[in-house]
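Below are the chains, spelled out letter by letter.
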Amino acid sequence: MKTVNDFNFNGKKALIRVDFNVPQDENLNVTDNTRIVSAKPTIDKIVKDGGSVVLMTHLGRPKGQVSDKFSLKHVVDEVSKVLGVSVKFVDECVGEKAEAASGDLKPGEVLLLENLRFHSEEEKGDVEFARQLSKLGDIYVNDAFGTAHRAHASTAVIAQYFPSNKCFGLLMAKELDAIQKVLKTGEKPVTAILGGSKVSSKITIIENILSVVDNLIIGGGMTYTFVKAKGGKIGNSICENDKLDLALDILKKADEKNVKVYIPEDSLIADGFSNDAKTQIVKTKDIPDGWEGLDVGTETIKIFSDVILQSKTILWNGPLGVFEMPNFAGGTKAIGDAIGDATKNGAFSLVGGGDSVAFVKQNNYTDKVSYVSTGGGAMLESLEGRELPGVAAILND
Ligand code: AMP
């Protein structure tokens, strides 16, 4: 796996695909600069070598139309602030103007291009558009994990114009390394904790990781499809009735592969889908009509925490309950605590994909786990065992 550390950028121009698709407020000020901060180590390394940097990214969904709202000009000040250099901006990403701006760069200078998605060719993976972009640098660096699952012009197609001068940025390398540690080289026992609302959206992940993990912990709304499939009474809990056979099939496959599956023994149930609903804790297989399971119960928290504390490699995807409502966030918090403790004891823990990442950030667990992925869809597709186009384009000749 070639990274920027395998190149000396002295006198060279790096063309870096970053993911600066940052959230903004109504005045278009950047409200969360995590994605910019995440790309800083790669940019710093190139500048330190004596190279110059051309940054390309998309922002929002302009769908091939030029629009002020989605212009990267509103982001350039934040990039300058994070990098500590005055970043230049050009209001095009291909053509004469962009080529002139790139050509004028001196060692140590950084240029941000206008939104790639102002051109519909970007998302179509247009070869000619990719060729035009390729004129803007000597070495192509992909550091945009968040879009690595897309076969777009700037994330994958462009790599063919840099047969021996292409590599991963340091963020990409960290993400790929974290996935590798869980799916390939993880120290045993390996435990995956999968939560969230539906079995159907996690099925491919479950099938893929059954070959890798020793323990599979199921939580969240998915629980009730499994419990009903096994003959339990789940009251009004969320359930995918057309996935009952699938749930049984997963349990059978897990058994064949000697994977121990943990399904919540007890649930915190409510008499309505509301933070103020009446609650009680009951066995998950005995939920009365009119009640629904919205979080794991205390006995389950203890069982899950014990498994997590004995694990050496941990993957967490999806909340254990309806964590958006404070009264049903307890299970998710307790599991976050257990993962934090296991990590302190030397386990490797990866939090990836969607709501669990949001939870970890909101509740300050980021420093308590080994790695929090920056890419939602890209992380989920990796866990499904798919090769990401943005990764393949760098790895393949
Ligand atoms: P997902 O996007 O599939 O990862 O699901 C995340 C969502 O699952 C969150 O919005 C949670 O509120 C929801 N969720 C977790 N547990 C439950 C549950 N017991 N019942 C209904 N929704 C749940």
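Above this note sits the structure.
Rules of the game
- What you see as residue numbers is a count from 1 along each chain, following the sequence as written.
- Totals for whole chains, interfaces and linings use every residue, but because this is a predicted model, local features are given only for residues with pLDDT of at least 70 and side-chain atom pairs only at 80 or more, for both listing and counting.
- By convention in this description, side-chain values take in all heavy atoms of the structure and omit both hydrogens and water.
- For each residue, the accessible area found with a 1.4 Å probe, counting protein chains only, is set against the maximum for its type, and the residue is called buried under 20%, exposed over 50%, and partly exposed in between.
- Comment: elements are numbered from the N terminus, with helices defined as DSSP H or I runs of at least four residues and strands as E runs of at least two.
- A pair of strands is labelled paired if DSSP reports no fewer than 2 bridges between them.
- Any two residues having at least one pair of non-hydrogen atoms within 4.5 Å are treated as being in contact.
- Here a residue is near a molecule or strand as soon as one of its heavy atoms is found within 4 Å of it.
- Two N or O atoms form a polar contact when they lie within 3.5 Å of each other; inside protein one atom must be a possible hydrogen donor and the other a possible acceptor, and for residues adjacent in sequence the pair counts only when both atoms belong to side chains.
- Per-residue accessibility takes into account occlusion by the displayed protein chains alone, with areas from the Shrake-Rupley method and a 1.4 Å probe.
- Throughout this entry, Asp, Glu, Lys and Arg are counted as charged residues, while Ala, Val, Leu, Ile, Met, Phe, Trp, Tyr, Cys and Pro are counted as nonpolar. The remaining residues, Gly among them, count as polar.
- Starting at the helix axis, one direction is taken to each C-beta atom, and the arc is that of these directions.
- Any Lys or Arg side-chain nitrogen located within 4 Å of an Asp or Glu carboxyl oxygen qualifies as a salt bridge.

Burial of strand β11 (residues 266–270) is extensive: five of the five residues sit out of reach of the surface. Burial along β11 is two-sided: the face carrying Asp-266, Leu-268 and Ala-270 and the face carrying Ser-267 and Ile-269 are both buried. The pairing of β11 with strand β12 (residues 279–283) spans five bridges and is antiparallel. Opposite Ser-267, over in β12, you have Val-282 as the bridge partner. Pairing geometry for β11 and strand β14 (residues 292–296), over four bridges, is antiparallel.

Of note, Ala-192 is situated in strand β7 (residues 190–194). Since its relative accessible area comes to 0%, Ala-192 is described here as buried. Taking the C-alpha atoms as reference points, Ala-192 and Ile-314, 122 residues apart in sequence, are found 5.8 Å from one another. Excluding its chain neighbours within four sequence positions, the residues that come into contact with Ala-192 are Ile-209, Val-213, Asn-215, Leu-216, Ile-217 and Leu-315.

On to the site of the ligand, then. Taken together, the neighbourhood of the ligand is formed by 15 residues, with Ser-197, Gly-293, Gly-321, Glu-324 and Asp-355 sitting nearest. Ser-197 places a main-chain nitrogen or oxygen 3.0 Å from an oxygen atom of the ligand. Within the side chain of Lys-202, a nitrogen or oxygen atom sits 3.2 Å from an oxygen atom of the ligand. Burial of the ligand by the surrounding chains reaches 80%, relative to a free accessible area of 510 Å². When its residues are assigned to classes, the shell around the ligand shows five nonpolar, seven polar and three charged.

Next up on the list: helix α5 (residues 127–134). If you check which residues of α5 are buried, you get Phe-129, Ala-130, Leu-133 and Ser-134. Each buried residue of α5 lies within a common arc of 140 degrees when the element is viewed along its axis, so the set occupies one face. In the core, the buried residues of α5 are packed alongside β1 (13–17), β2 (52–56) and α4 (120–124). Its side-chain oxygen 3.1 Å from the backbone nitrogen of Glu-128, Asp-126 forms the N-cap of α5.

Once that is clear, we can look at the pattern of salt bridges. Two side chains with opposite charge may pair up if their charged atoms get near one another. With the rule as written, the count across this model stands at 23 salt bridges. Two residues, Lys-243 and Asp-242, come together in a salt bridge whose shortest N-O distance is 3.2 Å. A salt bridge links Asp-286 to Lys-285, with the nearest nitrogen and oxygen atoms 3.7 Å apart. Within the structure, one salt-bridge network assembled from shared partners comprises Glu-207, Asp-249 and Lys-253.

The quantities given are spatial measurements derived from coordinates; they are silent on function.
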